[in-house]
Amino acid sequence: MIDMVADRLYYLVSFLLLGVGTYMLIANGNVVKKVIGMNVFQTGIFLFFITSAFVTGASPPLLTAPEPYVSPLPHVLILTAIVVGVSLTAVALGLVVRVYEAYGTLNEQAIRQVSHDE
């Protein structure tokens, strides 16, 4: 039982990150904390894909390397997702700055109340 958990520890950590990120997105009223929760959620997804691409005893996909090979596709997809995630974070934080300038707060409920009053 302990060996099975130790072999799948990365999966447990990735699902833990997914859960923490989802909780931060739903439970927090602060917009910056929601952006941080989105990043934690993305990190959980990245770890899950990289962990699922692991093959025991595999070698890099070179012509001179023995079989079985490791597929480079998940790694390339995660590199692309990291770039998209950084861009998304930059845009989200830029919007957070604009919201703070417009409303003077980062609390979601206060922003809704001010926008309904106008």
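Heads up: the structure comes first, above all this text.
Keep in mind the model is a prediction, meaning the values are calculated, not measured.

Engineer: Provide a residue-level description of the overall build of the protein, including the pertinent values.
Structural biologist: Helix and strand counts for the protein come out as five helices and zero strands. When the helices and strands of the protein are read in sequence order from the N terminus, they spell out α-α-α-α-α. Over its C-alpha trace the protein gives a radius of gyration of 20 Å, far above what one expects of a compact globule, namely 13 Å for 118 residues. Overall, the protein is about 70 × 35 × 15 Å in size when its C-alpha atoms are taken along their principal axes. Among the 118 residues that make up the protein, the fraction classed as buried is 20%. In the protein, the proportion of contacts linking residues at least 24 apart, taken out of those at least 6 apart, comes to 51%. For the protein, the accessible area works out to roughly 8,500 Å², and carbon and sulfur atoms hold 71% of it.

Engineer: Quick one: what's the story with a nonpolar patch on the surface, residue by residue and with numbers?
Structural biologist: The grouping of Leu9, Leu12 and Val13 at the surface amounts to a nonpolar patch, some 240 Å² of accessible area in total. Tracing the backbone shows Leu12 in helix 2 (residues 9-27).

Engineer: Please set out helix 2 residue by residue, giving values where relevant.
Structural biologist: Taking 1.5 Å per residue as the helical rise, helix 2 with its 19 residues ought to reach 27 Å, and the 26 Å between its terminal C-alpha atoms agrees with that figure. Considering only its buried residues, helix 2 is in contact with helix 3 (31-52).

Engineer: Could you give an account of unusual backbone geometry, naming the residues involved and the relevant values?
Structural biologist: Glu67 connects to Pro68 through a cis peptide bond whose omega is -5 degrees. Tracing the backbone shows Pro68 in the loop between helix 3 and helix 4 (73-103).

Engineer: Can you tell me about the pattern of salt bridges, naming the residues and giving the values?
Structural biologist: If charged atoms from side chains of opposite charge come close, those side chains can pair. Here the structure, examined in full by the defined rule, presents two salt bridges. Glu108 is the salt-bridge partner of Lys34, the closest N and O atoms lying 3.4 Å from each other. Residue Lys34 is found in helix 3, and its partner Glu108 is found in helix 5 (residues 108-117); the two are separated by 74 residues along the sequence. On the accessibility criterion, Glu108 (24% relative accessible area) is partly exposed. For Arg112, the salt bridge identified is with Glu108, shortest N-O distance 2.9 Å. Here Arg112 pairs with Glu108, and both are found in helix 5, just four residues apart, close to one helical turn. The exposure class of Arg112 is partly exposed, given its relative accessible area of 43%. Three or more residues are tied together by salt bridges with common partners; here these are Lys34, Glu108 and Arg112.

Engineer: Give a description of the packing of helix 3 against helix 4 that names residues and reports values.
Structural biologist: How two helices pack is summed up by the angle between their axes together with the distance between the axes. For the pair helix 3 and helix 4, interaxial distance at closest approach is 10 Å and the crossing angle is 180 degrees. Regarding the angle of helix 3 to helix 4, the classification is roughly antiparallel. In contact with Val31, Val32, Val35, Met38, Asn39, Gln42, Phe46, Phe49 and Ile50 of helix 3, helix 4 contributes Pro74, His75, Ile78, Ala81, Ile82, Gly85, Leu88, Thr89, Ala92, Leu93 and Val96.

Analysis parameters
- Residues numbered from 1 in each chain as written.
- Predicted model: local features only at pLDDT ≥ 70, side-chain atom pairs only at ≥ 80, totals over all residues.
- Heavy atoms only, no water.
- Helix = DSSP H or I, 4+ residues; strand = E, 2+ residues; numbered from the N terminus.
- Rg over C-alpha atoms; globule rule 2.2 N^0.38 Å.
- Buried < 20%, exposed > 50% of the residue type's maximum accessible area, 1.4 Å probe, protein only.
- Contact = heavy atoms within 4.5 Å.
- Areas by Shrake-Rupley, 256 points an atom, 1.4 Å probe, with all protein chains shown as cover.
- Patch = residues over 30% accessible without salt bridge, like charges linked within 9 Å, V, L, I, M, F, W, Y side chains within 5 Å.
- Salt bridge = Lys/Arg side-chain N within 4 Å of Asp/Glu carboxyl O.
- Expected span 1.5 Å × (residues − 1).
- Axes fitted to C-alpha atoms, helices over the stretch in contact; angles between N-to-C directions.
- Parallel < 35°, antiparallel > 145°, perpendicular 65-115°, else oblique.

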